[in-house]
Amino acid sequence: MRFSELYAPTLKESPAEAEVISHKLLLRAGMIRKVAAGVYTFLPLGYRVIRKIEQIIREEMNRVGGQEILMPVIQPADVWKQTGRWDQYGPEMMRLEDRHGREFALGPTHEELVTALVMDELRSYRQLPLTLYQIQVKFRDEIRPRFGLMRGREFIMKDAYSFNANIEQLQASYSNMYDAYSRIFTRCGLNFRAIQAATGLIGGKVSQEFTVLAESGETTVLYCDACNYAASDEIATTRLPEPSTEAIKPSEVVDTPGVKSVTEVSTFLNVPETKIVKTLIYKYGAREIAAVLIRGDRDVNEEKLSALLGTTDFHLLAGIEWGDYPELVQGYVGPVGLKGARLIADNEISVMRNFVVGANKTGAHIISVNVGDDFQVQEWADVKLVKAGDRCPECDGTLLATRGIEVGQIFQLGTKYSDAFGATFVDEDGEVKPYIMGTYGIGVSRTAASAIEQHHDDNGIIWPISIAPYEVSVLVLNYDREEQKEIGDRIYGGLEERDIEALLDDRIESAGKKFADSDLVGFPLQVIVGARTIKSGNIEVKVRATGERMEFPLEQAVDKIAGTVIRMRESLKLEA
Ligand SMILES: [Zn+2]
């Protein structure tokens, strides 16, 4: 491709609307343009990246036996009503009516449609397992679309669905997908981790998320410094500290006038925050109250609490609401003698001895409190937010924290959708059974954005070679000079012949503009043809990622450049 013919309007400045680096650079490099909030057009360079990611995904899906189909974007409401998700999805689902008043949705996902698709014709265990996948646009009406391709409303996804006869088949399908995903993100040149994840609205029990490690990520990932354990902070757990061996002391009420917060209590009584138990009061349901006991230095994990309370409708008691519960003394609530609240204790309290709690009396706390002696706990649970420095739940290691961008998720769904549709097959023993399903997604456009979040510098994008729009840019600094033009054309032609993807910068622009654009768009290798080339008889080549510069004699240039590209490609290749 010749740059002079390419539609790639690059920008010098970042548009004000862009907050994250991938959004800024995609706009500046002339790869995407905004159509509406969270809705973008891919320009030629951007679309080449998408097509390359898609191709890697296709190859790996086909390798594990996936078969590609294409389902419609527009989906009738009926199938969604059958699983109850028409209501559950809420305003995130884009809905519309046709001219006859029939309801439709722009598909945010395709579990319903794919189950309805196969149920009449996939009737025998002999046809199982079956994995179908598609690569297609999805629509989610995000409340605040932002960050460009990271959180768009319309985005490209690969979604796959497996239909299995039994749990063993499901586990095999899931494990194949796990391997395929690992290969896909490795081939895309991304530093990623597979982590245990929450299942949310999709359903099912076992799920892993593939996250690309990047500071700008929205997911906090906790991972072990010694073993493979890794989980999002929504569900991460920790091994409890060893039980305290202190001798139990009798409890005692002490005056703490005006002293309320954990920090204040810690300073006033001269005890570490880890020897204080705070009692957090949550309101949920109509007017029910939960008192959650947790170690003083900890935060409650509201995802875990939500699962425990069985609702997302809960909040910390606030402001004038305290007036509705006169038996609760704001700032001094504690478990000893507490009435009118469901008491939930974080399991870490069980290993603590002689701790401090509120006395349910203004200006007082109780010291040397012990479970069993001073109050009883009926409901133990893990409700804490696990953090860096906590112990690994699976080994003696310590957890570390990092940030990640979720780019893929795999679920063992079970029979949620087949039950809802009555979608069954006849098993070997003649019995009629529901399919056991798995569902597996990859955000294709998000993968492109996350590659930029992970690979960039002040000058622009640094594409991994496998997903770069072109592998080499040939910069002819003065294309209007015959000798330079002739060398540039020859190298470009030679690379094309060797199936190296090259972009010839033949624009009549300043050398500075050509260097800046090449760095900005992020071609892995830059070949520079200028006055120096003519003088020295050597061609200069720069590696975008490292800044490393090489010189090759002109007559060997094409072979040497092609060889370098092939080595760079191979660094991301995997054993078959
Ligand atoms: Zn570990």
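This text goes with the structure placed above it.
Residues numbered from 1 in each chain as written. Predicted model: local features only at pLDDT ≥ 70, side-chain atom pairs only at ≥ 80, totals over all residues. Heavy atoms only, no water.

Enquirer: Please explain the overall build of the protein chain as it appears in this structure.
Expert: In terms of regular secondary structure, the protein chain is built from 14 helices and 31 strands. Along the three orthogonal principal directions, the C-alpha set of the protein chain runs to about 95 × 65 × 50 Å. Split into buried and exposed, the 576 residues of the protein chain put 53% on the buried side. Counting contacts in the protein chain only where the partners sit at least 6 residues apart, residues at least 24 apart contribute 69% of the total. Put simply, the protein chain shows about 25700 Å² of open surface, and 49% of that area lies on carbon and sulfur atoms. Considering the protein chain, the positive charge centre built from 66 side chains and the negative charge centre built from 85 side chains are found 3 Å apart. (Helix = DSSP H or I, 4+ residues; strand = E, 2+ residues; numbered from the N terminus. Buried < 20%, exposed > 50% of the residue type's maximum accessible area, 1.4 Å probe, protein only. Contact = heavy atoms within 4.5 Å. Areas by Shrake-Rupley, 256 points an atom, 1.4 Å probe, with all protein chains shown as cover. Lys, Arg positive; Asp, Glu negative; His and termini not counted. Charge placed at Lys NZ, Arg CZ, Asp CG, Glu CD.)

Enquirer: Can you walk me through empty space enclosed by the protein in this structure?
Expert: Over the atoms, a rolling probe the size of a water molecule traces out where space has been left empty. On inspection of all chains with the given rule, the structure shows one cavity of 30 Å³ or more. Roughly 30 Å³ of volume is contained in the largest cavity. Looking at the largest cavity, the residues that line it are Leu26, Ile32, Phe42, Gly46, Val49, Ile50, Leu149, Ala448 and Trp463. Among the elements that take part in the lining of the largest cavity, helix 2 (residues 44-63) stands out by supplying three residues, more than any other. For the lining of the largest cavity, the class distribution of residues is eight nonpolar, one polar and no charged. (1 Å grid on protein atoms, 1.4 Å probe; cavity = no way out; pocket = protein on both sides within 12 Å on 5 of 7 lines; lining within 4 Å. Points joined across faces, edges and corners; volume = space filled by probe spheres on them. Nonpolar A, V, L, I, M, F, W, Y, C, P; charged D, E, K, R; others polar.)

Enquirer: Which parts of the structure should I look at to understand the packing of aromatic side chains?
Expert: What characterises a pair of aromatic rings is the spacing of the ring centres plus the angle enclosed by the ring planes. What the rule picks out here adds up to 12 aromatic pairs. Each ring, one from Trp80 and one from Tyr89, has its centre 5.6 Å from the other, and the planes form 85 degrees; the classification is edge-to-face. Note on accessibility: Trp80 and Tyr89 belong to one class, buried. Here the guanidinium or amino end of Arg48 rests over the ring plane of Tyr470, the centre of that ring lying 3.9 Å away. (Phe/Tyr/Trp six-rings, centres within 6.5 Å; stacked < 30°, edge-to-face > 60°. Lys NZ or Arg CZ within 6 Å of the ring centre and 35° of its normal.)

Enquirer: Even after reading the chapter, I still don't get the sheet that holds strand 28 (residues 502-505), so can you show me in this structure?
Expert: Working definition: the strands of a sheet are paired by backbone hydrogen bonds and lie parallel or antiparallel to each other. Within the open sheet, the five strands sit side by side as 28-27-29-30-31. Their pairing is mixed. Bordering the open sheet on either side are strand 28 and strand 31 (549-553), each of which pairs with just one other strand. Direction aside, the axes of adjacent strands within the sheet are offset by 25 degrees on average. Here strand 27 (residues 472-476) runs beside strand 29 (residues 525-529); their pairing, made up of five bridges, is parallel. Within strand 29, the position partnered with Val472 by the bridge is Leu525. (Pairing = 2+ DSSP bridges. Axes fitted to C-alpha atoms, helices over the stretch in contact; angles between N-to-C directions.)

Enquirer: Just to check I follow, could you spell out the sheet that holds strand 13 (residues 252-255) for this structure?
Expert: With respect to topology, three strands assemble into an open sheet ordered 13-19-18, the strand pairing being antiparallel. Both outer strands of the open sheet, strand 13 and strand 18 (355-358), are each paired with one neighbouring strand and no more. In this sheet, neighbouring strand axes are inclined to one another by 30 degrees on average, regardless of whether the strands run parallel or antiparallel. The pairing of strand 13 with strand 19 (residues 364-369) spans four bridges and is antiparallel. Its bridge partner lying in strand 19, Glu252 is registered against Ile367.

Enquirer: When you look at unusual backbone geometry in this model, what are you seeing that I'm missing?
Expert: Trans peptide bonds make up most of the peptide bonds, and negative phi angles are found at most residues other than glycine. Looking along the chain, the bond that leaves Leu128 and enters Pro129 is cis, with omega of -5 degrees. Along the polypeptide, Pro129 turns up in the loop between helix 5 (111-118) and strand 7 (130-139). A positive phi angle, close to 65 degrees, is found at Phe147, a residue other than glycine. By the element assignment, Phe147 lies in the loop between strand 7 and strand 8 (154-164). Positive phi, close to 60 degrees, is recorded for Asp499, a residue that is not glycine. Take Asp499: it is sitting in the loop between helix 11 (482-497) and strand 28. For Asp499, a relative accessible area of 61% translates into the label exposed.

Enquirer: Got a minute to help me understand helix 14 (residues 557-570) in this structure?
Expert: Residues separated by three or four positions in an α-helix point in the same direction, a consequence of the helix having 3.6 residues per turn. When the terminal C-alpha atoms of helix 14 are compared, their 20 Å separation across 14 residues agrees well with the 20 Å that a helix rising 1.5 Å per residue should span. Of the positions making up helix 14, those classed as buried are Ala557, Val558, Ile561, Ala562, Thr564, Val565 and Met568. Looking straight down helix 14, one finds that the buried residues subtend no more than 160 degrees of arc, so they occupy a single side. Along its buried surface, helix 14 packs onto strand 27, helix 11, strand 29, strand 30 (538-543) and strand 31. (Expected span 1.5 Å × (residues − 1). Arc of directions from axis to C-beta.)

Enquirer: It is not clear to me how the packing of helix 1 (residues 21-28) against helix 10 (residues 444-454) should be interpreted in this structure. Could you clarify?
Expert: For any two helices packed against each other, one specifies the crossing angle of their axes together with the interaxial distance. Relative to each other, helix 1 and helix 10 sit at 105 degrees, their axes nearing to 8 Å. Comparing the axis directions of helix 1 and helix 10 gives the class roughly perpendicular. Residues Ile21, Ser22, Leu25 and Leu26 of helix 1 touch helix 10, and the partners they reach there are Ala449, Ile452 and Glu453. Class assignment of the residues belonging to the contact of helix 1 with helix 10 gives a composition of five nonpolar, one polar and one charged. (Parallel < 35°, antiparallel > 145°, perpendicular 65-115°, else oblique.)

Enquirer: Explain the coordination of the zinc ion to me, please; I cannot follow it from the model alone.
Expert: Ideal coordination angles are 109.5 degrees for a metal with four donors arranged tetrahedrally and 90 or 180 degrees for a metal with six donors arranged octahedrally. Donor atoms from the polypeptide that bind the zinc ion are Cys224 (SG), Cys227 (SG), Cys392 (SG) and Cys395 (SG), placed at 2.3 Å. Taken together, the four donor atoms coordinating the zinc ion and their angles of 100 to 116 degrees define a geometry best described as tetrahedral. One chain supplies every donor for the zinc ion, spaced along it as C-x2-C-x164-C-x2-C. Neither residue differs from the other here; Cys392 and Cys395 are each classed as buried. (Donors = N, O, S within 2.8 Å, 3.2 Å for Na, K, Ca; no water. Tetrahedral: all angles 85-135°; square planar, octahedral: opposite > 155°, others 65-115°.)

Enquirer: I'm lost on the pattern of salt bridges in this one. Help?
Expert: Two side chains carrying opposite charge are able to pair once their charged atoms lie near each other. For the coordinates displayed, the defined rule picks out 48 salt bridges. The shortest N-O distance in the salt bridge between Glu321 and Lys283 comes to 3.8 Å. Here the residue Glu321 occupies a position in the loop between strand 16 (314-316) and strand 17 (342-346), and Lys283 occupies one in strand 14 (residues 277-284), the gap between them amounting to 38 residues. Take Glu321: its relative accessible area is 17%, and that puts it in the buried class. By sharing partners, the salt bridges in this structure join Arg295, Asp297, Arg298, Glu348, Lys387 and Asp390 into a single network. (Salt bridge = Lys/Arg side-chain N within 4 Å of Asp/Glu carboxyl O.)

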